[in-house]
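Structure at a glance
The lines below spell out each chain.
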Amino acid sequence: VHDAVHVHAGRYWDVFWVCNVAAVVVGPTILLRSPLLACAALTWLLPGTVVWLADAAIAGSNILPTSYAVHFGGTAAAFYATWRAGYSRRGWLAALALLAFCIVVSRFFLPAAANVNAAHAIPRGWSSVAQSRSAFVLSATALAAVACTLGSAVSRAVAKLR
């Protein structure tokens, strides 16, 4: 529904934000009981929800009502998928692959002005993270590595609750 709202509003590019893609992955993850996909979805939805809320506060970004379902509902569903499917040692690799897919699509196939997944510039309001584009990319890469490590640890912990 969230993606349909974006497409209907003429903003097809917003479908490719990593949180939106991760939320779409959750459904097949539950059906297939894939620990690999569960870890990837949880890795991006959990910190992505924090970044989404921070972006609304810092940059004053517009929050669609359906965004709550993607971030809160998607995160809850990713926790359930991880609990149901179990843990994969390669989950961090799937998480990196999902992020890389989203950034490549954003960089080469979506409008630069949309700056989806910060693929073209430092997002508005986030210049405190880094002053130059290269410093931002390095910071974002380090944060992605931390997110993958934490996502893997959280996935392992959730899977142990079974």
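Each remark here, short or long, concerns the structure printed above.
Bear in mind that the values here come from a model prediction, so they are computed numbers and not experimental data. (Residues numbered from 1 in each chain as written. Predicted model: local features only at pLDDT ≥ 70, side-chain atom pairs only at ≥ 80, totals over all residues. Heavy atoms only, no water.)

1. Thoughts on the environment of His120
With respect to the secondary-structure elements, His120 resides in the loop between α5 (91-109) and α6 (133-159). C-alpha of His120 to C-alpha of Ala4: the two residues are 116 residues apart in sequence and 24 Å apart in space. Dropping the residues within four chain positions of it, His120 is found in contact with Ser106, Arg107, Leu110, Pro111, Ala112, Asn115 and Arg133. Within polar-contact distance, the side chain of His120 engages the backbone oxygen of Arg107 at 3.4 Å. (Helix = DSSP H or I, 4+ residues; strand = E, 2+ residues; numbered from the N terminus. Contact = heavy atoms within 4.5 Å. Polar contact = N/O pair within 3.5 Å; in protein donor to acceptor, adjacent residues only side chain to side chain.)

2. Overview of the nonpolar core
The biggest cluster of nonpolar side chains holds 24 residues, and the ones touching the most others in it are Val26, Trp44, Leu45, Ala78 and Leu98. Mapped onto this core, the elements with two or more residues apiece are α2 (18-32), α3 (35-58), α4 (65-85), α5 and α6. Of all the elements, α2 adds the most residues to this core, at 7 residues. If we skip the residues at most four places from it in the chain, Trp44 touches Val18, Cys19, Ala22, Ala95, Leu98, Leu99, Ala144, Ala147 and Cys148. (Core = buried A, V, L, I, M, F, W, Y, C linked by side-chain atoms within 4.5 Å. Buried < 20%, exposed > 50% of the residue type's maximum accessible area, 1.4 Å probe, protein only.)

3. Some points on the pattern of salt bridges
Applying the stated criterion across every chain yields a total of 1 salt bridge. With its nearest N and O atoms 3.1 Å apart, the salt bridge here joins Arg11 to Asp14. On the accessibility criterion, Arg11 (26% relative accessible area) is partly exposed. What makes Asp14 buried here is its relative accessible area of 12%. (Salt bridge = Lys/Arg side-chain N within 4 Å of Asp/Glu carboxyl O.)

4. Some thoughts on the environment of Val137
Within the secondary structure, Val137 is located in helix α6. Remark: the alpha-carbon pair of Val137 and Ala121, spanning 16 residues in sequence, is separated by 9.2 Å.

5. Considerations on the packing of aromatic side chains
If you walk through the whole model with that rule in mind, you get 5 aromatic pairs. When the ring of Trp52 is compared with that of Phe72, the centres are 5.7 Å apart and the planes differ by 75°; the resulting orientation is edge-to-face. With Trp52 in helix α3 and Phe72 in helix α4, this residue pair connects regions lying 20 residues apart in the sequence. A ring pair is formed by Tyr80 and Trp83, whose centres lie 5.9 Å apart and whose planes are at 35°; its orientation type is tilted. Placement of both Tyr80 and Trp83 in helix α4 is noted, with a separation of 3 residues, approximately one turn of the helix. Residue Tyr80 is classed as partly exposed on the basis of its relative accessible area, which comes to 39%. Take Trp83: its relative accessible area is 37%, and that puts it in the partly exposed class. (Phe/Tyr/Trp six-rings, centres within 6.5 Å; stacked < 30°, edge-to-face > 60°.)

6. Quick notes on a nonpolar patch on the surface
On the surface, a cluster of nonpolar side chains totalling about 330 Å² of accessible area is made up of Leu31, Leu32 and Leu37. Looking at the secondary structure, you find Leu37 in helix α3. (Patch = residues over 30% accessible without salt bridge, like charges linked within 9 Å, V, L, I, M, F, W, Y side chains within 5 Å. Areas by Shrake-Rupley, 256 points an atom, 1.4 Å probe, with all protein chains shown as cover.)

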